[in-house]
Amino acid sequence: MPDMSSFDRRAFMARAAAVAGGAALIGAADLTRSRPVRAASAPHVYTRAEWGARPPTATAEIIAAPDHLVVHHMAFPNSTDYSLSHAFQLSRDCQDLHMDTNGWSDTGQQLTISRGGYVMEGRNRSLEAIGKGANVMGAQTANNNGHTLGIENEGTYTSVLPPTALWNALVKTLAWLCDDYGLDPHASIVGHRDYVSTQCPGDALYAKLPQLRNDVATALGSSLTAERATPYVRTDLPGPGRSGDHGPAVGAHEHP
Ligand SMILES: [Zn+2]
(Lines give C-alpha, C1' and ligand atoms only; values in the text may rest on other atoms or scores of the structure.)
Protein backbone atom coordinates (compact mmCIF):
# COMPACT_ATOMS: atom_id res chain seq x y z
CA MET A 1 0.00 0.00 0.00
CA PRO A 2 1.49 3.36 -0.95
CA ASP A 3 2.01 5.77 1.91
CA MET A 4 -0.58 8.54 1.81
CA SER A 5 -0.20 10.42 5.05
CA SER A 6 -2.30 13.38 3.96
CA PHE A 7 -3.67 12.01 0.74
CA ASP A 8 -7.40 11.52 0.68
CA ARG A 9 -7.15 7.91 1.71
CA ARG A 10 -10.86 7.18 1.85
CA ALA A 11 -11.53 8.45 -1.66
CA PHE A 12 -8.43 6.71 -2.94
CA MET A 13 -9.45 3.41 -1.36
CA ALA A 14 -12.92 3.67 -2.84
CA ARG A 15 -11.50 4.23 -6.29
CA ALA A 16 -8.86 1.52 -5.85
CA ALA A 17 -11.56 -0.93 -4.79
CA ALA A 18 -13.60 -0.03 -7.85
CA VAL A 19 -10.58 -0.58 -10.08
CA ALA A 20 -9.72 -3.87 -8.39
CA GLY A 21 -13.30 -5.05 -8.79
CA GLY A 22 -13.24 -4.14 -12.44
CA ALA A 23 -9.95 -5.92 -12.96
CA ALA A 24 -11.28 -9.08 -11.38
CA LEU A 25 -14.22 -9.09 -13.73
CA ILE A 26 -12.31 -8.10 -16.82
CA GLY A 27 -13.88 -9.53 -19.93
CA ALA A 28 -15.75 -8.54 -23.04
CA ALA A 29 -18.94 -7.62 -21.23
CA ASP A 30 -17.21 -5.71 -18.47
CA LEU A 31 -15.06 -3.69 -20.88
CA THR A 32 -18.11 -2.32 -22.64
CA ARG A 33 -19.53 -0.77 -19.49
CA SER A 34 -20.04 2.94 -19.47
CA ARG A 35 -17.62 4.76 -17.17
CA PRO A 36 -17.79 8.47 -17.81
CA VAL A 37 -14.53 10.38 -17.49
CA ARG A 38 -14.84 13.45 -15.26
CA ALA A 39 -14.98 16.20 -17.85
CA ALA A 40 -14.00 18.95 -15.42
CA SER A 41 -10.53 17.54 -14.79
CA ALA A 42 -9.83 15.99 -18.18
CA PRO A 43 -7.46 17.75 -20.59
CA HIS A 44 -8.60 18.22 -24.16
CA VAL A 45 -7.19 15.22 -26.01
CA TYR A 46 -7.03 15.51 -29.80
CA THR A 47 -8.16 12.33 -31.52
CA ARG A 48 -6.34 10.30 -34.11
CA ALA A 49 -8.82 11.51 -36.71
CA GLU A 50 -7.91 15.10 -35.87
CA TRP A 51 -4.15 14.62 -36.28
CA GLY A 52 -4.60 12.45 -39.35
CA ALA A 53 -3.49 9.02 -38.17
CA ARG A 54 -2.93 6.22 -40.67
CA PRO A 55 -4.96 3.07 -40.14
CA PRO A 56 -3.07 0.66 -37.84
CA THR A 57 -2.07 -2.75 -39.19
CA ALA A 58 -3.71 -4.34 -36.13
CA THR A 59 -6.50 -3.31 -33.80
CA ALA A 60 -5.17 -2.61 -30.32
CA GLU A 61 -6.03 -5.07 -27.57
CA ILE A 62 -7.93 -3.61 -24.63
CA ILE A 63 -6.40 -4.70 -21.33
CA ALA A 64 -6.95 -4.01 -17.64
CA ALA A 65 -6.30 -0.61 -16.09
CA PRO A 66 -2.61 0.29 -15.70
CA ASP A 67 -0.92 0.36 -12.29
CA HIS A 68 1.83 2.73 -13.42
CA LEU A 69 1.98 5.78 -15.70
CA VAL A 70 5.30 6.02 -17.57
CA VAL A 71 6.80 9.40 -18.47
CA HIS A 72 8.95 9.42 -21.63
CA HIS A 73 10.80 11.93 -23.70
CA MET A 74 10.65 11.34 -27.44
CA ALA A 75 14.35 12.05 -28.12
CA PHE A 76 13.11 14.40 -30.83
CA PRO A 77 14.51 17.95 -31.27
CA ASN A 78 13.36 20.64 -28.82
CA SER A 79 11.26 22.44 -31.40
CA THR A 80 10.24 26.05 -30.85
CA ASP A 81 7.17 25.60 -33.02
CA TYR A 82 4.43 25.43 -30.39
CA SER A 83 1.51 25.37 -32.84
CA LEU A 84 -1.30 22.84 -33.08
CA SER A 85 -0.31 22.06 -36.67
CA HIS A 86 3.19 21.18 -35.49
CA ALA A 87 1.73 18.94 -32.78
CA PHE A 88 -0.33 17.08 -35.36
CA GLN A 89 2.74 16.67 -37.58
CA LEU A 90 4.65 15.34 -34.56
CA SER A 91 2.03 12.63 -34.04
CA ARG A 92 2.16 11.68 -37.72
CA ASP A 93 5.99 11.57 -37.71
CA CYS A 94 5.98 9.43 -34.57
CA GLN A 95 3.46 7.02 -36.05
CA ASP A 96 5.51 6.75 -39.26
CA LEU A 97 8.65 6.04 -37.24
CA HIS A 98 6.97 3.38 -35.15
CA MET A 99 5.28 1.66 -38.10
CA ASP A 100 7.79 2.08 -40.93
CA THR A 101 11.10 1.98 -39.05
CA ASN A 102 10.23 -0.09 -35.97
CA GLY A 103 7.75 -2.31 -37.78
CA TRP A 104 5.05 -1.92 -35.14
CA SER A 105 1.31 -2.08 -35.81
CA ASP A 106 0.77 1.55 -34.81
CA THR A 107 2.03 4.36 -32.59
CA GLY A 108 3.56 2.75 -29.50
CA GLN A 109 2.42 5.04 -26.68
CA GLN A 110 -1.11 5.72 -25.51
CA LEU A 111 -0.75 9.51 -25.31
CA THR A 112 1.53 12.16 -26.82
CA ILE A 113 2.11 15.75 -25.62
CA SER A 114 3.74 18.43 -27.78
CA ARG A 115 6.02 21.18 -26.49
CA GLY A 116 3.13 23.55 -27.12
CA GLY A 117 1.07 21.57 -24.59
CA TYR A 118 -1.28 19.81 -27.00
CA VAL A 119 -2.35 16.36 -25.81
CA MET A 120 -3.06 13.74 -28.47
CA GLU A 121 -4.22 10.16 -28.59
CA GLY A 122 -1.46 7.72 -29.54
CA ARG A 123 -2.23 4.06 -30.16
CA ASN A 124 -5.66 3.26 -31.60
CA ARG A 125 -8.43 2.71 -29.02
CA SER A 126 -6.50 4.49 -26.27
CA LEU A 127 -9.23 7.05 -25.58
CA GLU A 128 -11.90 4.37 -25.81
CA ALA A 129 -10.02 2.30 -23.24
CA ILE A 130 -9.32 5.20 -20.86
CA GLY A 131 -12.98 6.13 -21.04
CA LYS A 132 -13.82 2.64 -19.77
CA GLY A 133 -11.26 2.70 -16.98
CA ALA A 134 -9.13 0.30 -19.02
CA ASN A 135 -5.96 0.47 -21.16
CA VAL A 136 -4.63 -0.74 -24.51
CA MET A 137 -1.58 -2.93 -24.99
CA GLY A 138 1.06 -0.47 -26.16
CA ALA A 139 4.72 -0.55 -27.17
CA GLN A 140 6.53 1.89 -24.90
CA THR A 141 8.22 0.14 -21.95
CA ALA A 142 9.81 -3.24 -22.68
CA ASN A 143 8.40 -6.20 -20.76
CA ASN A 144 6.00 -3.92 -18.90
CA ASN A 145 3.49 -3.00 -21.60
CA GLY A 146 0.82 -5.21 -20.06
CA HIS A 147 0.43 -3.06 -16.94
CA THR A 148 1.62 0.44 -17.85
CA LEU A 149 0.34 3.43 -19.82
CA GLY A 150 2.95 5.54 -21.62
CA ILE A 151 3.01 9.27 -22.24
CA GLU A 152 5.51 10.49 -24.84
CA ASN A 153 6.61 14.10 -24.38
CA GLU A 154 8.06 15.91 -27.38
CA GLY A 155 11.69 16.86 -26.95
CA THR A 156 14.93 15.69 -25.34
CA TYR A 157 15.33 16.44 -21.63
CA THR A 158 18.83 15.28 -20.81
CA SER A 159 19.99 18.79 -19.80
CA VAL A 160 17.00 21.13 -20.17
CA LEU A 161 13.45 20.97 -18.82
CA PRO A 162 10.21 20.93 -20.80
CA PRO A 163 8.55 24.28 -21.53
CA THR A 164 5.80 25.39 -19.14
CA ALA A 165 3.02 24.57 -21.59
CA LEU A 166 4.18 20.95 -21.85
CA TRP A 167 4.69 20.64 -18.09
CA ASN A 168 1.22 21.98 -17.31
CA ALA A 169 -0.39 19.69 -19.88
CA LEU A 170 1.52 16.71 -18.45
CA VAL A 171 0.34 17.54 -14.92
CA LYS A 172 -3.27 17.84 -16.08
CA THR A 173 -3.05 14.61 -18.08
CA LEU A 174 -1.54 12.65 -15.19
CA ALA A 175 -4.12 14.05 -12.75
CA TRP A 176 -6.90 12.98 -15.11
CA LEU A 177 -5.44 9.47 -15.39
CA CYS A 178 -4.81 9.11 -11.64
CA ASP A 179 -8.40 10.17 -11.02
CA ASP A 180 -9.76 7.84 -13.70
CA TYR A 181 -7.80 4.82 -12.48
CA GLY A 182 -7.79 5.56 -8.75
CA LEU A 183 -3.99 5.79 -8.64
CA ASP A 184 -1.82 7.59 -6.09
CA PRO A 185 0.49 9.90 -8.08
CA HIS A 186 3.36 9.32 -5.66
CA ALA A 187 3.25 5.58 -6.21
CA SER A 188 2.20 5.34 -9.84
CA ILE A 189 4.15 7.99 -11.80
CA VAL A 190 7.49 6.64 -13.00
CA GLY A 191 10.07 7.26 -15.71
CA HIS A 192 10.95 4.84 -18.49
CA ARG A 193 14.36 4.26 -16.87
CA ASP A 194 12.70 2.96 -13.72
CA TYR A 195 11.99 -0.22 -15.71
CA VAL A 196 14.75 -0.53 -18.32
CA SER A 197 18.23 0.81 -19.00
CA THR A 198 17.64 3.98 -21.01
CA GLN A 199 18.36 7.69 -20.98
CA CYS A 200 14.59 8.31 -21.23
CA PRO A 201 13.02 10.59 -20.01
CA GLY A 202 16.36 12.42 -19.74
CA ASP A 203 18.35 13.27 -16.60
CA ALA A 204 16.78 16.72 -16.27
CA LEU A 205 13.16 15.58 -16.53
CA TYR A 206 13.76 12.45 -14.48
CA ALA A 207 15.14 14.58 -11.63
CA LYS A 208 11.89 16.55 -11.68
CA LEU A 209 9.61 13.54 -11.20
CA PRO A 210 9.18 14.25 -7.44
CA GLN A 211 7.91 17.74 -8.30
CA LEU A 212 5.73 16.27 -11.03
CA ARG A 213 4.13 13.87 -8.53
CA ASN A 214 3.59 16.73 -6.10
CA ASP A 215 2.03 18.94 -8.77
CA VAL A 216 -0.30 16.12 -9.81
CA ALA A 217 -1.27 15.48 -6.18
CA THR A 218 -2.02 19.21 -5.80
CA ALA A 219 -4.15 19.13 -8.96
CA LEU A 220 -6.09 16.26 -7.41
CA GLY A 221 -6.75 18.30 -4.30
CA SER A 222 -4.28 16.52 -2.06
CA SER A 223 -2.20 18.47 0.45
CA LEU A 224 0.58 15.90 0.26
CA THR A 225 3.70 17.42 -1.28
CA ALA A 226 7.44 16.96 -1.15
CA GLU A 227 7.05 13.43 0.12
CA ARG A 228 9.86 11.94 -1.92
CA ALA A 229 13.45 13.03 -2.14
CA THR A 230 15.02 13.81 -5.49
CA PRO A 231 15.70 10.47 -7.15
CA TYR A 232 19.21 9.32 -7.87
CA VAL A 233 19.94 10.25 -11.47
CA ARG A 234 22.06 7.65 -13.18
CA THR A 235 24.56 9.03 -15.65
CA ASP A 236 25.79 5.78 -17.23
CA LEU A 237 22.64 5.02 -19.17
CA PRO A 238 22.72 4.40 -22.92
CA GLY A 239 21.65 7.24 -25.17
CA PRO A 240 19.39 6.95 -28.19
CA GLY A 241 20.64 4.82 -31.07
CA ARG A 242 19.06 7.23 -33.54
CA SER A 243 16.69 10.18 -33.56
CA GLY A 244 13.44 9.16 -31.95
CA ASP A 245 14.95 6.14 -30.15
CA HIS A 246 14.02 6.56 -26.50
CA GLY A 247 15.13 3.14 -25.29
CA PRO A 248 13.73 -0.39 -25.11
CA ALA A 249 9.99 -0.27 -25.74
CA VAL A 250 9.20 -3.88 -26.58
CA GLY A 251 10.24 -7.10 -24.84
CA ALA A 252 11.10 -10.38 -26.57
CA HIS A 253 7.69 -11.83 -25.78
CA GLU A 254 5.62 -8.73 -26.54
CA HIS A 255 3.93 -8.11 -29.86
CA PRO A 256 4.08 -4.42 -30.78
ZN1 LIG B 1 10.90 6.22 -23.10
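It should be noted that the structure appears before, not after, this text.
None of these values were measured; they are calculated from a predicted model.

Student: In this structure, what is going on with the environment of W104? I would like to understand it.
Tutor: Counting through the fold element by element, W104 comes out in the loop between α4 (84-101) and β4 (111-113). Through-space distance from the C-alpha of W104 to that of A58 is 9.1 Å; in sequence the pair is 46 residues apart. Among residues more than four places away in sequence, those in contact with W104 are H98, M99, A139 and P256.

Student: Please explain unusual backbone geometry as it appears in this structure.
Tutor: Where the residue is not glycine, phi is negative for most of them; where a peptide bond is considered, it is trans in most cases. Cis geometry marks the peptide bond from C200 to P201; its omega dihedral reads 5 degrees. Relative to the assigned elements, P201 resides in the loop between β8 (189-191) and α8 (203-207). One non-glycine residue, A75, lies in the positive phi region at around 60 degrees. The exposure class assigned to A75 is buried, which follows from the 25 C-beta atoms found within 10 Å. We note that N143 has phi near 65 degrees; this positive angle belongs to a residue other than glycine. With respect to the secondary-structure elements, N143 resides in the loop between β6 (135-136) and β7 (148-153).

Student: Hey, could you run me through the nonpolar core in this one?
Tutor: Here is a general trend for soluble globular proteins: nonpolar side chains tend to be buried in one another's company. By size, the foremost hydrophobic cluster in this structure holds 42 residues, and its most contacted members are I113, L174, C178 and V216. Considering every element that reaches this core, the biggest residue donor is helix α6 (residues 164-181), with 10 residues.

Student: Would you mind showing me how to read the pairing of β7 here?
Tutor: Side-chain positions along a regular strand alternate between the two faces of the sheet. Taken across its six residues, β7 has six buried, putting it largely inside the fold. The alternating pattern of β7 places T148, G150 and E152 on one face and L149, I151 and N153 on the opposite face, and all of these are buried. In terms of strand pairing, strand β3 (residues 68-73) meets β7 through six bridges, oriented parallel. Following the sheet pairing, V70 is matched in β7 by G150.

Criteria and thresholds
Residues numbered from 1 in each chain as written. Predicted model: local features only at pLDDT ≥ 70, side-chain atom pairs only at ≥ 80, totals over all residues. Helix = DSSP H or I, 4+ residues; strand = E, 2+ residues; numbered from the N terminus. Contact = placed C-beta atoms within 7 Å. Buried ≥ 20, exposed ≤ 12 C-beta atoms within 10 Å, placed from the backbone. Core = buried A, V, L, I, M, F, W, Y, C linked by C-beta atoms within 7 Å. Pairing = 2+ DSSP bridges.

The analysis is restricted to geometry; functional conclusions fall outside its scope.
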